[in-house]
Each structure stands twice: as structure tokens, then as C-alpha cells.
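Analysis of the macromolecular model
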Amino acid sequence: MLTVKDLHKSYQVGKTSYEVLKGISLEVAKGEFVAVMGPSGSGKTTLLNCISCYIPLDSGSILLGDTELARLDEESLASVRNRKLGFVFQDFLLLDGLTVRENILLPAIIGGTVSSMTEARADQLCDVFGISAICNKYPAEISGGEKQRCAVARALINHPLLILADEPTGNLDSKSSRTVIRSFEQAKSALGATIFMVTHDSFAASFCDRVVILKDGGVWETLEKGSLERSAFQDLLLDAIREMGKE
Ligand code: ADP
Ligand code: MG
């Protein structure tokens, strides 16, 4: 589904170049829920922005299915972003002047694919994520957790191959975080979605199938949940992060 190979990325600040990603390789299989963890400044957002093609990479490759993203022209890239990828951000990025339902339909409106089927899909997503009762409200009238579930529904409206989420629970209290993570779990189990989530929250990451831990621009460790209970997996993640801090 997603294959990142030997990805390098540096930022130019004045005359100095800082290498933030120093050869990242990872894979996400179809239907997997994968998290990327790592300390602040370890390059998580940079990695996600390279995968989204919001910023150019220095070297390496990013394959979405059979498509090499760096080789696409602007037009094809816009189409991949609209149809094959779904985005969820820390600060929700809903449009204030649109209702919840209209926000969810937005990628379909932009892609010019609104039909009775997409409208039905929006209603189904509201139902799956427990936001049907508020679907005619505006973002200012709903809670943070509801906003983010709306954003998850919006990310799924075009049946994307992959959902990319950057700190989706970063602005939420623990109860709302739980409902948002639950919406990702439902997206995976009920809709077969594939999710790649950046987070520094071990609680959020403990719901994932696999967690990739970044340190100093590289993959430090990858942990599999396997048959572990969620709380045991969270303990494993916390141990790994503590261990990393010692080095
Ligand atoms: P994370 O999301 O893990 O906190 P980021 O990917 O945002 O980390 O940032 C990684 C490093 O790159 C940080 O040291 C940050 O200051 C630096 N950085 C991020 N964006 C830019 C930019 N546009 N120009 C220069 N440096 C940047
Ligand atoms: Mg970040």
C-alpha cells in the first residue's frame, strides 16, 4: 500500500542545511493502522508532509500502491491528494461556514463527484462515527472530539487508499481522544481503511497494529501489537520510549 524507501529530507536555514530525515524506510500494508512516534522535533510531521507531497524530498522514494509520488506532475498529484489520500490534522481544519455534513462532503465537492451515492456515504459515515445528530450544526457549535470525528469522516468520503493523520488527538482531552481513536478503529474494521498516524501520545498509539519509533532522523524501533492487550502494548511503548531517552 505505502512504501517509503531510504527517504532523506533536509531544511535549508540560511546557509546551513539540517538533515531531518536520514534514510527512513517503512511499509504500511492495506488495512493496517500504523502509528509513528518520536520526540518533538524528530521529524514526524516532515515525514508525513513528504508522504503527502506538501514538501519535496531530497532523495528516496514514496510509493502509494504502484504510484511513485515524487514523479507525478502537479495535476496528477492534486488528483492523488483528493482521491487516494485522506487527511486529518491536529487543529481539525473544518470550514466554519459549512455544516458538519457539508464539511464531510467537501472533498467530493472539490473532486466534482457529488452524487446521491456520496450523499448516502456522508450519512453512513456520520452514522458510523456517531455524529448523525449534529450533522446540520456548524463547527462552532460542536465539541473538539465531534469536530475531529467530522474530519475523519471527511477524510474517508472519497474512499481513499490511505488516511494520513498528524497528531489527531493533540488538541483533545482524553475522553475525546478516545472517541477519535475509536473512529479510526471503526474506519479500519467497518470500512477497511488504512491509517498512518503521527502521534506523541502513547495512549493513542496503543490502539495501533504497529508503532514505528523515530529518533535522530531514523527508525529507531518498530513494535508490533500482535496479541497483546492494549494496556500491555502501551506499557511496551512507554518502556521503549524510556529506553530511547537513556541513549
Ligand atoms: P515533529 O513533528 O516530530 O515534532 P518536525 O518534522 O515538525 O518534527 O520537525 C523536525 C525538525 O525540522 C525540527 O527541528 C524543526 O525545527 C525542523 N523544521 C521543520 N520544518 C522546518 C522548516 N520549514 N524549515 C526549517 N526547519 C524546519
Ligand atoms: Mg509534528
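Structural data are supplied above this passage.
Our next topic: the overall build of the protein. Broken down by element type, the protein carries eight helices and 10 strands. Computed over C-alpha atoms, the radius of gyration of the protein comes to 18 Å, within 12% of the 18 Å expected from 2.2 N^0.38 for 247 residues, which places it in the range of a compact globule. By its C-alpha atoms, the protein is 50 × 45 × 35 Å across when sized along the principal axes. Excluding contacts between residues fewer than 6 apart, the proportion of contacts in the protein whose partners are at least 24 apart in sequence is 69%. Accessible surface, the protein: about 11600 Å² in total, of which carbon and sulfur atoms supply 50%. Separation of charge centres in the protein, based on 26 positive and 32 negative side chains, amounts to 1 Å.

Taken together, Y11, V13, V20, P39, S40, G41, S42, G43, K44, T45 and T46 make up the full set of residues adjacent to ligand 1. At a separation of 2.9 Å, an oxygen atom of ligand 1 approaches a polar side-chain atom of K44. Within the contact set of ligand 1, an oxygen atom lies 2.5 Å away from a side-chain nitrogen or oxygen of T46. Among the secondary structure elements, those contributing two or more residues to the shell around ligand 1 are β1 (2–13) and α1 (44–51). A per-element tally of the shell around ligand 1 places α1 first, with three residues. Tallied by class, residues from the shell around ligand 1 come to four nonpolar, six polar and one charged.

Further remarks concern the packing of helix α3 (residues 100–111) against helix α5 (residues 144–156). Running from N to C, α3 and α5 point in directions that differ by 30°, and their axes come no closer than 7 Å. For the element pair α3 / α5, the angle class is roughly parallel. In the packing of α3 onto α5, the handedness of the crossing is right-handed. Residues V100, N103, I104 and P107 of α3 form the contact with α5, whose own contacting residues are C150, A153 and R154.

Once that is clear, we can look at the side chain of K9. Its place among the elements puts K9 in strand β1. Buried charged residue K9 carries no salt bridge. Nearest counter-charge: D58, at 4.4 Å. Leaving out residues up to four positions away in the same chain, K9 has contacts with Y18, E19, V20, L21, T46, C50, I55, P56, L57 and D58.

Counting 46 residues, the largest nonpolar core has I104, F184, M197 and V211 as its most contacted members. A per-element tally of this core places α5 first, with six residues. Discounting chain neighbours no more than four positions away, the residues touching V211 are A35, M37, A205, E221, T222, L223, F233 and L237. Ranked by size, the runner-up nonpolar core spans 28 residues in total, among them I24, L48, I51 and V80.

This part is about helix α8 (residues 230–246). For an α-helix, the turn length of 3.6 residues means that residues three or four places apart are oriented alike. With 17 residues, α8 should reach 24 Å at 1.5 Å per residue; the first-to-last C-alpha distance of 25 Å fits that figure. Within α8, burial applies to F233, Q234, L237, A240 and M244. What you see down the axis of α8 is that its buried residues fit within an arc of 120°, all on one side. Turned more than 90 degrees away from the buried face of α8, the exposed residues are R242, G245 and K246. In the core, the buried residues of α8 are packed alongside β3 (33–37), α7 (202–205), β9 (210–215) and β10 (218–224).

The rules behind each value
- Residues numbered from 1 in each chain as written.
- Chains lettered and ligands numbered in written order.
- Predicted model: local features only at pLDDT ≥ 70, side-chain atom pairs only at ≥ 80, totals over all residues.
- Heavy atoms only, no water.
- Helix = DSSP H or I, 4+ residues; strand = E, 2+ residues; numbered from the N terminus.
- Rg over C-alpha atoms; globule rule 2.2 N^0.38 Å.
- Contact = heavy atoms within 4.5 Å.
- Areas by Shrake-Rupley, 256 points an atom, 1.4 Å probe, with all protein chains shown as cover.
- Lys, Arg positive; Asp, Glu negative; His and termini not counted.
- Charge placed at Lys NZ, Arg CZ, Asp CG, Glu CD.
- Near = heavy atom within 4 Å.
- Polar contact = N/O pair within 3.5 Å; in protein donor to acceptor, adjacent residues only side chain to side chain.
- Nonpolar A, V, L, I, M, F, W, Y, C, P; charged D, E, K, R; others polar.
- Axes fitted to C-alpha atoms, helices over the stretch in contact; angles between N-to-C directions.
- Parallel < 35°, antiparallel > 145°, perpendicular 65-115°, else oblique.
- Left-handed = near helix turned anticlockwise from the far one by under 90°.
- Buried < 20%, exposed > 50% of the residue type's maximum accessible area, 1.4 Å probe, protein only.
- Salt bridge = Lys/Arg side-chain N within 4 Å of Asp/Glu carboxyl O.
- Core = buried A, V, L, I, M, F, W, Y, C linked by side-chain atoms within 4.5 Å.
- Expected span 1.5 Å × (residues − 1).
- Arc of directions from axis to C-beta.

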